[in-house]
Amino acid sequence: MADVVRTFELAAPPSIGQVYKRVTPATMRHLFICTLLCVLSIPALAQTTPEWANRLTAKDPKVRAMAEAALVKGAGRSLPLLKRLLSRGDEDLDLRTFEIIRRIGPPAIPLLVELLRHEQVSFRRNAADSLIDLAPDTEWIQPALRRALSDEDVMVAGDAARALGALGPKASPSVRALVTTLSHEDPYVRVYAAEALASVGPKAGVATENLAAALGDPIPGVRWAAGEALASIGPAAQAAVPQLIEALQDEFLYVRICAAGALGSLGPKAQAAREALREAASDPALRDEAEWALNRIAGVESREPVGSPVVPVPSVAPQSEKTVAQTGNPPVDWDISTGRNIVWSVDLGNPTYGRPVVAGDAVYVGTDNARRMNPDFLEESGVLMAFRATDGAFLWQDVAARVDRGLREFVLPSTTSAAYVEGDRLFYVTAECQLRSLDTQGARVWELDMCSRLGVFPHEASNSDVVPVGDLLMVSTSNGQNEGHLRVPSPRAPSLIAVNKHSGEVIWRAIGAGAQVLHGQWSSPVAANVNGRMLVLFGGGDGWLRAYDAASGHEVWRFDGNPKDARWLPRPGVRSRSSIIASPVFADGRVFIAMGQSPGHGNGPSSMYAISPNGQGDVTGSRLLWTSREVGRVVGTPIVKDGLLYVADLGGTVHCLDAATGAHVWRHETNEEVWGSLLLAGDRLYVGSVDGNMTVLRAGRRKEVLAQIEMDAALYSRPALIGDALYLATARRLYLIAAKPSRQ
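This structure is a prediction, so every number in the text was calculated from the model and none was measured.

Participant: Help me get a handle on the packing of aromatic side chains, residues and values and all.
Facilitator: All chains considered together, the criterion is met by 17 aromatic pairs. Taken together, Trp-224, Tyr-254 and Phe-457 form an aromatic cluster joined through their ring pairs. Seen from the ring of Trp-52, Arg-55 lies directly overhead, with NZ or CZ sitting 4.4 Å from the centre. One Lys or Arg, Arg-492, reaches over the ring of Trp-292 and ends 3.5 Å from the middle of that ring.

Participant: Please give an account of the sheet that holds strand β33 (residues 733-737) that cites residues and values.
Facilitator: Here 4 strands make up an open sheet; going across it, the order is β1-β33-β32-β31 and the pairing antiparallel. Among the strands making up the open sheet, the edge pair consists of β1 (342-347) and β31 (720-722). Strand-to-strand twist of the sheet, defined as the mean angle between neighbouring strand axes without regard to direction, takes the value 15°.

Participant: I'd love a proper account of helix α17 (residues 253-266), names of residues and values included.
Facilitator: Relative to the 20 Å expected for 14 residues at 1.5 Å per residue, α17 spans 20 Å between its end C-alpha atoms, a close match to the ideal helical length. Across the 14 residues that make up α17, a large majority, 14, are buried. Of the residues flanking the end of α17, it is Gly-267, one or two places downstream, whose phi is positive at about 65°.

Participant: Hey, could you go over the environment of Gly-264 for me, with residue numbers and the actual values?
Facilitator: Relative to the assigned elements, Gly-264 resides in helix α17. When the C-alpha atoms of Gly-264 and Ala-290 are compared, they prove to be 7.9 Å apart, with 26 residues separating the residues in sequence. With residues up to four places along the chain from it excluded, the contact list for Gly-264 reads Trp-292, Ala-293 and Arg-296.

Participant: Give me the environment of Gly-349: which residues, what numbers.
Facilitator: Tracing the chain through its elements places Gly-349 in the loop between β1 and β2 (357-359). Accessibility expressed as a relative area gives 0% for Gly-349, which makes it buried. Spatially, the C-alpha atom of Gly-349 lies 9.6 Å from that of Met-385, the residues being 36 residues apart in sequence.

Participant: How would you sum up empty space enclosed by the protein? Please name residues and give values.
Facilitator: Going through the model one piece at a time under the given rule, you end up with 2 cavities of 30 Å³ or more. Of the volumes computed, that of the largest cavity is approximately 50 Å³. Residues that form the lining of the largest cavity fall into these classes: 4 nonpolar, 2 polar and 3 charged.

Participant: Go over the pattern of salt bridges, please, and point to the residues and values.
Facilitator: Under the criterion given, the structure shown has 40 salt bridges. With a shortest N-O distance of 2.8 Å, Arg-223 and Asp-250 are connected by a salt bridge. In this pair, Arg-223 is assigned in helix α15 (residues 220-233) and Asp-250 in the loop between α16 (241-247) and α17, connecting sequence segments 27 residues apart.

Participant: How would you sum up the environment of Leu-486? Please name residues and give values.
Facilitator: Mapped onto the elements, Leu-486 comes out in the loop between β11 (472-476) and β12 (496-500). Assessed through its relative accessible area of 18%, Leu-486 is described here as buried. When the C-alpha atoms of Leu-486 and Ala-166 are compared, they prove to be 6.5 Å apart, with 320 residues separating the residues in sequence. In this view, Leu-486 contacts Arg-162, Gly-165, Ala-166, Glu-195, Ala-196, Ser-199 and Gln-481; residues no more than four positions away in its chain are not counted.

Participant: I'd like to hear about unusual backbone geometry, residue by residue, with values.
Facilitator: Cis geometry is adopted by the peptide bond preceding Pro-136, which originates at Ala-135 and carries an omega value of 10°. Looking at the secondary structure, you find Pro-136 in the loop between α9 (121-132) and α10 (142-148). At Asn-341, a residue that is not glycine, the phi angle is positive and equals roughly 60°. Counting through the fold element by element, Asn-341 comes out in the loop between α19 (287-298) and β1. Positive phi values are uncommon outside glycine, yet His-485 reaches one of about 60°. On the secondary structure map, His-485 appears in the loop between β11 and β12.

Reading the values: the criteria
- Residues numbered from 1 in each chain as written.
- Predicted model: local features only at pLDDT ≥ 70, side-chain atom pairs only at ≥ 80, totals over all residues.
- Heavy atoms only, no water.
- Phe/Tyr/Trp six-rings, centres within 6.5 Å; stacked < 30°, edge-to-face > 60°.
- Lys NZ or Arg CZ within 6 Å of the ring centre and 35° of its normal.
- Pairing = 2+ DSSP bridges.
- Helix = DSSP H or I, 4+ residues; strand = E, 2+ residues; numbered from the N terminus.
- Axes fitted to C-alpha atoms, helices over the stretch in contact; angles between N-to-C directions.
- Expected span 1.5 Å × (residues − 1).
- Buried < 20%, exposed > 50% of the residue type's maximum accessible area, 1.4 Å probe, protein only.
- Contact = heavy atoms within 4.5 Å.
- 1 Å grid on protein atoms, 1.4 Å probe; cavity = no way out; pocket = protein on both sides within 12 Å on 5 of 7 lines; lining within 4 Å.
- Points joined across faces, edges and corners; volume = space filled by probe spheres on them.
- Nonpolar A, V, L, I, M, F, W, Y, C, P; charged D, E, K, R; others polar.
- Salt bridge = Lys/Arg side-chain N within 4 Å of Asp/Glu carboxyl O.

Next comes the structure, spelled out in C-alpha cells:
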C-alpha cells in the first residue's frame, strides 16, 4: 500500500496526497484509490501488480467494482498489467482478469491473439471465447483464428470457428479452412464449422459439395447445421438438391426443417423437390417451412400465418403480479444463520431460476433435478416442485426429461417458467419447451411440445410465463438462434402462440421476430385492455415490441426499441442493439419497455421507453412518450406505482423514474448484478442480487436503505408475497419468511 501512496503523491497534485492520508478506514482508502484511477492515467501503477490483485479479489464488492472500472477505463494502457495478473496462478483472479479484458473490448484483441497460443489451455479457451463477441473488429486476425481451428483442444477449435462465423461474409477468406474443419473428429467442432459457413452466406458456395456430404453425417446436429449452411448459400447450392430431398425424410425434425428451408432458398432451382415438399407439408411441425419453400419455388411471396378468432376473449385483462405493487407487511430483518423470521426452508435444485408461485395450500417453483426426489429418474432435467405452503413439506414434482436433439440440446436443463394456477388446473412451460397442463396433484392433463409440433428451437433455454386471456393461454415459444449465435434455424416458426387451455390446441400463432432474433427470446407476454380491445404485448428477440389482437393474433402495432443504425455488440460496456427480455409493463395508460441482453453479455448502456398503446402499424416515431438512456441493460420486469417506475439493471443500479416524464428521481448502487429479483410490497422495495444479497429500500420519492440481508446463494427470481409473508427462492433453497411472535 505504501508504494501506491507514494505513487499518488508523486504523480498527483499535493492536495490529493493530503486528502488520501485523511481517508479512513482501509476499505475507504481502497475506494479512494480506485476512484482516482478512473480519472488519472498513471503509468507507474503498472508496477503495483500485487495491490491490483488484492483489490480485484477483495471481499468487498465495491472495492472490486471500482478496481475493475479503473482498469476498463485504462483500456490499452491496462493490458500489460492484466497480462502480469494472468501469470500469478490464481484461478479466481484469472477469471476476473479475463472479464476485464472482455469489457475493454477491441483494444484487447492483440493480447487475446497472443493468449490464443498460450501453453495453458484455460487461457486459450478464454481468449477464443472472448474473440467471438469482438466481431467485426476481429476481421484482421483471421490467420490466427484459422490456426486455432487446428488446436488440440476441441473447445478452442470450436470457438475459433464461432469467432470466424461472427464475422459473417467478412470471413470469406477463411472458407477453405472451415471446409477442412467440416471433417474434424469432434462433432461439436463440425457443427460450429458448418454454422460459420452459414454465416458467410453465398460467398461460401465453394463449400456446397462438402456440406451436401455433411447431410449424411452420423451426428444429427451436424446434418442440421449443414442444412442451415446450404440455405444460407442459396441458389449457388443447387448441386445439393438430391441430398436435401433425401434429408426431408431424416429422423430428426430440425434436419427436415433446415432441408426444407434450404430448398426454399434455392427458389426455382429446386423444382425437383416440389413433390417431396408437398409430402413434407403434411407434418404439422414442418408445414410452415415446407409451404414457404413451395411458394418460393413457384415465385410466390408467403404471408405470416395466423389463426382465426375462434375463442372469444374477455375485455378485462388479468392483473400481472410482476408489474404492480403488492400489499402486505413482510419483514425487513431476517437471518438465515440464526433462523430469525425464517418459518421454514427446504432444498431445491441447483441452480434454481424459477420464481415461487403460491396457490391454495401449495407453493410451486421451477428448478432442476439435483435433489433426485425420484429414485427412478436420476438424469439432469428440469422439474416443477410442489411444497405445502404452511410447513414446506414436499408434495410432488413434474419432471421434463431431456430430449435428444442430435448434439444440440438446450444449455439450461432447468425449469424457469412460473406456474399459472386456475382452480384445480396448473399450466407451465418445461425446460424442454413443452406447455403442460396438470391438475394440482401433479397428474398430466395434456401437453403441447412446441418443438416437435411447431418446429421452434429455443436458444439455450426455454422460458415463458403463461398468461391467461379467457379460454386462451398466451405463451412465448423462445424460438431463437443456433448454438453458434449466427442464425435462426427455424425462422418461420412462431415466437408467440395462443393455446386453448382446455385442449392444448393452438388457436393462433405469430412469427414475430422470425429470422431477426439477435440471440434468444425469453420475454413473457402481457395482456392489456386498450380502449376496450384486448391486446397481447410481446417483447421480441429483435428488439421490437409488438401488440397483437388477443382474439385473432393479428399484429396491431409495433415499436422498435433500437436506433436504426445500432449494431449488435454482445459484450459489456458498449451501447448495442438489444432485445427485450423483461416483460413489458402496462400501467397508467402507458406501455414501458426496458431493453436488455443476456446476463452473460454483461451490463452496458441501454434504453428504456414509455409509449402510448394507441396506434396502428409502426408506431416508433408517432407514439413515443419519453426515452431514458440512464438505465443499463435490464432482464427483470420493472414495477410501476403512484406515478413512479422502479427498475434494476445488470450493473446493479436500482433506478426510480418519474413514470410520466422518465426523469430520474433517485438511484441506488448495489454494485452486484440484479436479474429478476425485484418486488414492491407496500412502500418497501426488495432487490435481490446474484451475489446473494437482498437490499430492502424504502420506496417513494425519497429513498431510504432499510436493510441488507445476506442469503445462502444467488437471487435470480422475484419473491412471492402472501399477506405478510415472503416465499423467497435462492439458487439453492426455498424460504418462508415471516415475522415470528416473540417468546415470553
